[in-house]
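Chains, contacts and geometry: an overview
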Amino acid sequence: MSAADTTTPAKVPPPRQAPPPAVPKAPRRSRTSGGAAVPWALLAPCLLILALVMGYPLVRLVTLSFQKFGQSQLWGFQPAESVGFDNFGKVLGDSEFWTVVVRTIVFAVGSVVFTMVIGMLIALLLQRVSGWVKTLINIALVASWGMPIIVATTVFKWLFDSDYGVFNALLSKLPGVDMIGHNWFASGPQGLAVIMLLVVWGAVPFVVITLSAGLTQVPSELEEAARLDGAGAWGVFRYVTLPILKPIVVMLTTLSVIWDMGVFPQVFVMRGGHPEAEFQLLTTYSYDRAFVVNDYAQGSAIALLTVLLLLGVVAVYMRQMLQIGEVE
């Protein structure tokens, strides 16, 4: 056998194959104008109803606030005259208006603080009671929430009546306390405190139900980890529960401010349709100017200023929600 026969032939590498042709990708479907119009089409019925129900009254409110409009104009004896910003100047230059504004803000802030604190406490307590107790409390909350405002106001008038009120009778049973015949509406602060209690009583159920739903989304693992790290009940609530509930708390607080600054039937019915000066809030003050003094233009100007004040609250709410969205 020769050396040539014993030599292992070198392996020749296989020829490099050309890569397969790239498969052309399907063109990405761009968002068409029809897809962008779908949300607007779904919102169209709601926007149409809002425009019909609120559009004309709002336009009429703005128009009246820039006119001279009283009973003569209402009955058609004289045409409405444009007076520019005179109505706003008279309203803003009236010291009584600013007194009513401060009273309304104090009333709304007090109502919101008590509503949120009491609602949060009840919602937290509902997480620690048995199922049947929670059911009974929820039934009571829904029943009180569904009670008409006029009925609830009538009940509170009876509870705080000077002669036959249950509240005075209960307080009089305390040692050294004699409240028989005490008139809670003899002064504005005491009377507004009673009305505030009525507003809080009607607003707490919604807050409790909403916060209870939010508490079900708080992970129990985070609370347990906080307890293992040495946090107490307040620490768990402050650093775990409250941050998760912050969007709900912001929403409820904003809605409560808007609702409590727009309180009207509670004051109107509680004072028999004629609220005294010490009981006037922005809503009743605007009503008196329009329908008691018969100056519809100034009443419209006060109502428009109230709307602008509430828009400021809504702006703060939107800013808070946008900040929460950026954090998440």
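Bear in mind that the values here come from a model prediction, so they are computed numbers and not experimental data. (Residues numbered from 1 in each chain as written. Predicted model: local features only at pLDDT ≥ 70, side-chain atom pairs only at ≥ 80, totals over all residues. Heavy atoms only, no water.)

**As for helix α11 (residues 233-261)**
Condition: Strands here mean DSSP runs of E at least two residues long; helices mean DSSP runs of H or I at least four residues long; both are numbered from the N terminus. Given a helix with a known number of residues, its expected span is that number minus one, times 1.5 Å. Axes are fitted to the seven residues ending at a residue and to the seven starting at it; the angle between these axes is taken as the bend at that residue.
Between the first and last C-alpha of α11 there are merely 34 Å, a value that for 29 residues lags more than 12% behind the 42 Å anticipated at 1.5 Å per step. Along its length, α11 reaches its greatest deviation from straightness, about 60°, at Lys-246, and the proline Pro-247 lies no more than four positions downstream.

**Some points on the nonpolar core**
So the rule is basically this: Nine residue types can take part in a nonpolar core, namely buried Ala, Val, Leu, Ile, Met, Phe, Trp, Tyr and Cys, and a core is a set of them joined through side-chain atoms within 4.5 Å. Three exposure classes are used, based on accessible area relative to the maximum for each residue type with a 1.4 Å probe and protein chains only: buried under 20%, partly exposed in between, and exposed over 50%.
Core analysis: the biggest nonpolar cluster contains 23 residues, and Phe-107, Ile-195 and Met-270 have the highest contact counts within it. For this core, the secondary structure elements donating two or more residues are α5 (95-126), α7 (149-159), α9 (188-215) and α12 (265-270). Val-112, Met-116, Met-261 and Leu-310 belong to the second-largest nonpolar core, a separate cluster that totals 20 residues.

**Focus: the layout of surface pockets**
If a probe the size of a water molecule is rolled over the atoms, the empty space left behind becomes visible. The line we're drawing: Computed over the protein atoms alone on a 1 Å grid, cavities are sets of points where a 1.4 Å probe fits but cannot get out and pockets are open sets with protein on both sides within 12 Å along at least five of seven lines; a residue lines them when it has an atom within 4 Å of a point. Grid points are joined across faces, edges and corners, and a volume is the space filled by probe spheres set on the points. Amino acids are sorted into nonpolar (Ala, Val, Leu, Ile, Met, Phe, Trp, Tyr, Cys and Pro), charged (Asp, Glu, Lys and Arg) and polar (every other residue, Gly among them).
Taken as a whole, the largest pocket encloses approximately 440 Å³ of empty space. Lining the largest pocket are 19 residues, and of these Ile-149, Val-199, Gly-202, Ala-203 and Gln-266 sit closest to its centre. The element best represented in the lining of the largest pocket is α9, accounting for 6 residues. Residues of the lining of the largest pocket, tallied by class, amount to 12 nonpolar, 6 polar and 1 charged.

**Considering the environment of Lys-68**
Locating Lys-68 in the fold gives a position in strand β1 (residues 67-68). It is 6.2 Å that separates the C-alpha atoms of Lys-68 and Val-83, two residues lying 15 residues apart in sequence.

**Re unusual backbone geometry**
The backbone of Asn-294 shows a phi angle near 65°, a positive value even though the residue is not glycine. When you line up the elements, Asn-294 lands in the loop between α13 (282-292) and α14 (296-327). Residue classification places Asn-294 among the partly exposed residues on the basis of a relative accessible area of 23%.

**A closer look at the side chain of Gln-67**
As a reminder of what qualifies: Here a residue-residue contact requires only that any non-hydrogen atoms of the pair lie within 4.5 Å.
Relative to the assigned elements, Gln-67 resides in strand β1. We classify Gln-67 as buried; its relative accessible area is 16%. Apart from the residues lying within four places of it in its own chain, the contact partners of Gln-67 are Ala-80, Glu-81, Ser-82, Val-83, Asn-87 and Ala-297.

Read these as geometric descriptors, not functional statements.
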